[in-house]
Amino acid sequence: MAFRSTKSLLVLSFSILTMLFSNNLLAQDSTQNNTTTTTEAHEEEFNVTETILGHIRDDHSWHLCGHTSLPLPVILYTDKGIECFSSSNLMDEHHHQKAFQGKYYTYQSFKGKIKVINEDGSINDQLTANVWDFSITKNVAALFISMAILILVFVTVANTYKKRGITSAPKGLQSFMEPIIFFVRDEVAKPNIGHHYAKYMPFILTIFFIILINNYLGMIPFFPGGSNVSGNIAFTLALAIIVFIVVNIKGNKSYWEHIFWMPGMNIGMKLFLAPIEVIGVLARPISLTIRLFANVTAGHILVLSLICLIFIFKTVFASAISVPFAVFIGLIESLVAFLQAYIFALLAAMYIGMAIEEHHPKGDHDPHYNE
Amino acid sequence: MLLEINPLALPDIGLLFWNIVAFIVLFFVLKKMAWKPILKAIKTREDGIDEALSKAEKVKAEMAQLANENEALLQKAREERAVLIRDAKEQSDKMIAEAKEKAKSEYDRIVADAQVAINQQKNAALTDVKNQVGALVIEISEKILKRELNNKAEQENYIKQLAEEVKLN
């Protein structure tokens, strides 16, 4: 546990460092770009940060290979109404961003974010703030694909049970998935949720498998992988919010009592502990969000950085070092992919277990600070 | 604001929305179509295995008990046999002893009877001898008295002759 937390701390600090560092570069870069765009630099300077961030961030079209992209629907909720158009409108034939005259405003994509622009091409921040982007972006599309895969796989497995009967030994896909389901049940749900674990099994299993499949799909560099779903903070935040809501809806009287009015303490201690406990409750979804996001993103950044070494040194011999290292990091990433799905599911199960735990009147009074 | 600066750490509202919607849809679809049947099947199978195991255990215990019972029965039979053999032996010994006893008493009785008979005959014979000796003495005395006791030598010859004549038969 200590090792794991140290590791995630390291990863987190590394990713934050990378991000801060990249921002400086980005800022420099954008100022440079403004000056160079007018002179039309054909020989584009290789920009490491931009390349890596371009691979990691969400986008409105799905880049397949070379100059072919899969256009995706853009859905914008503006103050004048809903606007839908294809993302191919936002790109010219050279795969550069261009402005698109929509129904209400003129839009252009800047680093994966759609902005409203004025007639002279500058960004109108005021109007942009009014436009809400509900597009089916690359990540959303990848999420739908992963959903489809999950549904296909597990409905097939479920049907196998019906077809082959429950007494016969599992076979094929069923025998591959069954140990994982057993693992989630016996290692994650049962020991942490306790007696009523069966009720929460579908929830824990869904969380575990959606993280797992997106972690693995994120490691595949081409379609249908290649999108960074589980390394996107919106994805992890969504899951953390759902866990937070479930935990607090299912929380019983003793759970709330242990937060606001710690039993077995004197009144001063009770008043002292209440805000700490409240912070603890609110910190849980944040820690869930950042842990998964940072772990997955850090892995991707590492692999991409190593590959970028070849372009930085502008020699193919750099691959002799960077490729083995990238493979090594990839192996670690595949371990982390499973580990993070496990940890997320484990923590979700622990929080649920804490919320529904039935305390005996003279039993355990420790405040369960767990993070 | 820090979140504004970091493009990676800024959650997109649209993405967040789609993620939540997708998760909820996925959860309910999988729950209904996959997790429920899978978990139910696994549970049923595990229960079946547990039941089979406990049944096997029970049967094993029963078998052990049966074996025990058999052993006990065998032991009992052995004991009974031993008792029977011992009884029979005792019985036969007793019979032999009785028979011996009886034979001995019969023999004693016969010997005693024989002795009594012998004694009687002996007494009878002695009485007879006594009577005959008495009669013989009287007869010889008569004859002696009848003859004249003149010659001493003759007398003695005569007594000899008489004595020779007497045959104690």
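Residues numbered from 1 in each chain as written. Chains lettered and ligands numbered in written order. Predicted model: local features only at pLDDT ≥ 70, side-chain atom pairs only at ≥ 80, totals over all residues. Heavy atoms only, no water.

1. A closer look at the overall build of chain A
Counting its regular elements, chain A contains 10 helices and 8 strands. Counting over 371 residues, chain A shows a buried share of 45%. Put simply, 64% of the contacts in chain A that link residues at least 6 apart link residues at least 24 apart. With the model as given, the accessible surface of chain A reaches about 19200 Å², and the carbon-plus-sulfur share is 68%. (Helix = DSSP H or I, 4+ residues; strand = E, 2+ residues; numbered from the N terminus. Buried < 20%, exposed > 50% of the residue type's maximum accessible area, 1.4 Å probe, protein only. Contact = heavy atoms within 4.5 Å. Areas by Shrake-Rupley, 256 points an atom, 1.4 Å probe, with all protein chains shown as cover.)

2. Notes on unusual backbone geometry
Positive phi values are uncommon outside glycine, yet A:K314 reaches one of about 55 degrees. Among the secondary structure elements, A:K314 is positioned in the loop between α9 (267-313) and α10 (319-356).

3. Description of the confidence of the model for chain A
Residues and elements named next belong to chain A. Within chain A, residue pLDDT values average 81, and 85% of them lie at 70 or more. When the elements of chain A are averaged for pLDDT, helix α1 (residues 2-39) gives the smallest value, 47, and helix α7 (residues 233-250) the largest, 93. Low pLDDT, under 50, characterises residues 16-43; the stretch is placed with 16 contacts to residues that sit more than four places away or in other chains. (pLDDT = per-residue confidence, 0-100.)

4. Things to note about the pattern of salt bridges
Applying the stated criterion across every chain, the model contains 8 salt bridges over all chains. Across the pair B:K43 and B:D47 runs a salt bridge whose closest N-O atoms are separated by 3.4 Å. Of the two residues, B:K43 and B:D47 are both situated in helix α2 (residues 13-146); the distance of 4 residues between them amounts to about one turn of the helix. Overall, B:D47 belongs to the partly exposed group, its relative accessible area being 38%. Ionic contacts of the salt-bridge type, sharing partners, join the residues A:R185, A:D186, A:K190 and B:E46 into one network. (Salt bridge = Lys/Arg side-chain N within 4 Å of Asp/Glu carboxyl O.)

5. Overview of the interface of chain A and chain B
In this assembly, 54 residues from chain A lie in contact with 35 residues from chain B. Counting the surface lost from both chain A and chain B, the interface buries some 4000 Å², and carbon and sulfur atoms represent 81% of this. The largest share of the area that chain A buries against chain B comes from A:F134, A:I166 and A:T206, three residues that together contribute 13% of it. Our enumeration of links across chain A and chain B arrives at 2 salt bridges. Notably, a salt bridge pairs B:R45 with A:E178, separated by 2.2 Å at the nearest N-O pair. At the surface where chain A touches chain B, the tally comes to 6 residue pairs in polar contact (both at pLDDT 80 or more). Where the side of chain A that touches chain B is concerned, the elements lending two or more residues are α1, α2 (48-56), β8 (132-133), α4 (138-164), α5 (173-193), α6 (197-219), α7 and α9 of chain A. With 13 residues, α4(A) is the single largest residue contributor to the side of chain A that touches chain B. Here the residues of the side of chain A that touches chain B sort into 40 nonpolar, 8 polar and 6 charged. (Buried area = accessible area lost by both parts, 1.4 Å probe. Polar contact = N/O pair within 3.5 Å; in protein donor to acceptor, adjacent residues only side chain to side chain. Nonpolar A, V, L, I, M, F, W, Y, C, P; charged D, E, K, R; others polar.)

6. Remarks on the nonpolar core
Core analysis: the biggest nonpolar cluster contains 80 residues, and A:F154, A:I204 and A:F209 have the highest contact counts within it. Elements with a minimum of two residues in this core: α4, α5, α6, α7, α8 (253-260), α9 and α10 of chain A together with α2 of chain B. Dropping the residues within four chain positions of it, A:F209 is found in contact with A:L150, A:F154, A:M177, A:I180, A:I181 and B:W35. Grouped together as the second largest cluster of nonpolar side chains are 11 residues, A:L53, A:I56, A:A294 and A:C308 included. (Core = buried A, V, L, I, M, F, W, Y, C linked by side-chain atoms within 4.5 Å.)

7. Focus: the domain arrangement of chain A
Annotation of chain A at the domain level lists domain 1 (73-135) and domain 2 (140-356). Centre-to-centre, using C-alpha coordinates, domain 1 of chain A lies 33 Å away from domain 2 of chain A. (Domains from an automatic or database assignment.)

8. Some details on empty space enclosed by the protein
Residues and elements named next belong to chain A. If you walk through the whole model with that rule in mind, you get 7 cavities of 30 Å³ or more. The computed volume of the second largest cavity comes to approximately 70 Å³. As for the second largest cavity, its lining consists of A240, V243, F244, V247, N248, Y255, V281, R284, P285, L288 and Y351. Among the elements of the structure, α7 and α9 are those that each provide at least two residues to the lining of the second largest cavity. (1 Å grid on protein atoms, 1.4 Å probe; cavity = no way out; pocket = protein on both sides within 12 Å on 5 of 7 lines; lining within 4 Å. Points joined across faces, edges and corners; volume = space filled by probe spheres on them.)

9. What about α9(A)?
In an α-helix there are 3.6 residues to a turn, and that puts residues three or four apart on one side. Counted at 1.5 Å a residue, the expected span for α9(A) with its 47 residues is 69 Å, and the 65 Å between its end C-alpha atoms agrees. Remark: A:K314 follows α9(A) within two positions and exhibits a positive phi of approximately 55 degrees. (Expected span 1.5 Å × (residues − 1).)

10. Looking at the side chain of B:N19
Assignment of secondary structure puts B:N19 in helix α2. B:N19 gets classed as buried once you look at its relative accessible area, which sits at 7%. With residues near it in sequence (within four places) discarded, B:N19 still touches A:L143, A:A234, A:F235 and A:A238.

11. Focus: the pairing of strand β6 (residues 106-110) of chain A
Residues and elements named next belong to chain A. Counted residue by residue, β6 has 4 buried out of 5 residues, so it is predominantly covered. Looking at chain direction, strand β5 (residues 100-101) and β6 are connected through 2 bridges and run antiparallel. Residue pairing in the sheet places Q101 in a bridge with T106 of β6. Between β5 and β6, which pair antiparallel in sequence order, lie 4 residues. Linkage of β6 to strand β7 (residues 113-117), two consecutive antiparallel strands, is achieved through a turn of 2 residues, within which K111 is found at a positive phi near 50 degrees. (Pairing = 2+ DSSP bridges.)

12. Focus on the sheet that holds β6(A)
Residues and elements named next belong to chain A. Within the open sheet, the 3 strands sit side by side as β5-β6-β7. Their pairing is antiparallel. Both outer strands of the open sheet, β5 and β7, are each paired with one neighbouring strand and no more. Here 5 bridges tie β6 to β7, and the two strands are oriented antiparallel to one another. Along β7, the bridge assignment pairs Q108 with K115.

13. Side note on the packing of α4(A) against α2(B)
At their nearest, the axes of α4(A) and α2(B) sit 9 Å apart, and the two run at 10 degrees to each other. Judged by the inter-axis angle, α4(A) sits roughly parallel to α2(B). Grouping the amino acids of the contact of α4(A) with α2(B) by side-chain chemistry returns 25 nonpolar, 2 polar and 2 charged. (Axes fitted to C-alpha atoms, helices over the stretch in contact; angles between N-to-C directions. Parallel < 35°, antiparallel > 145°, perpendicular 65-115°, else oblique.)

14. Notes on the environment of A:T51
Residues and elements named next belong to chain A. One can find T51 in helix α2. Assessed through its relative accessible area of 24%, T51 is described here as partly exposed. Between the alpha carbons of T51 and S305 there is a distance of 9.4 Å; along the sequence they are 254 residues apart. T51 has contacts with F46 and C308, leaving out every residue within four places of it along the chain.

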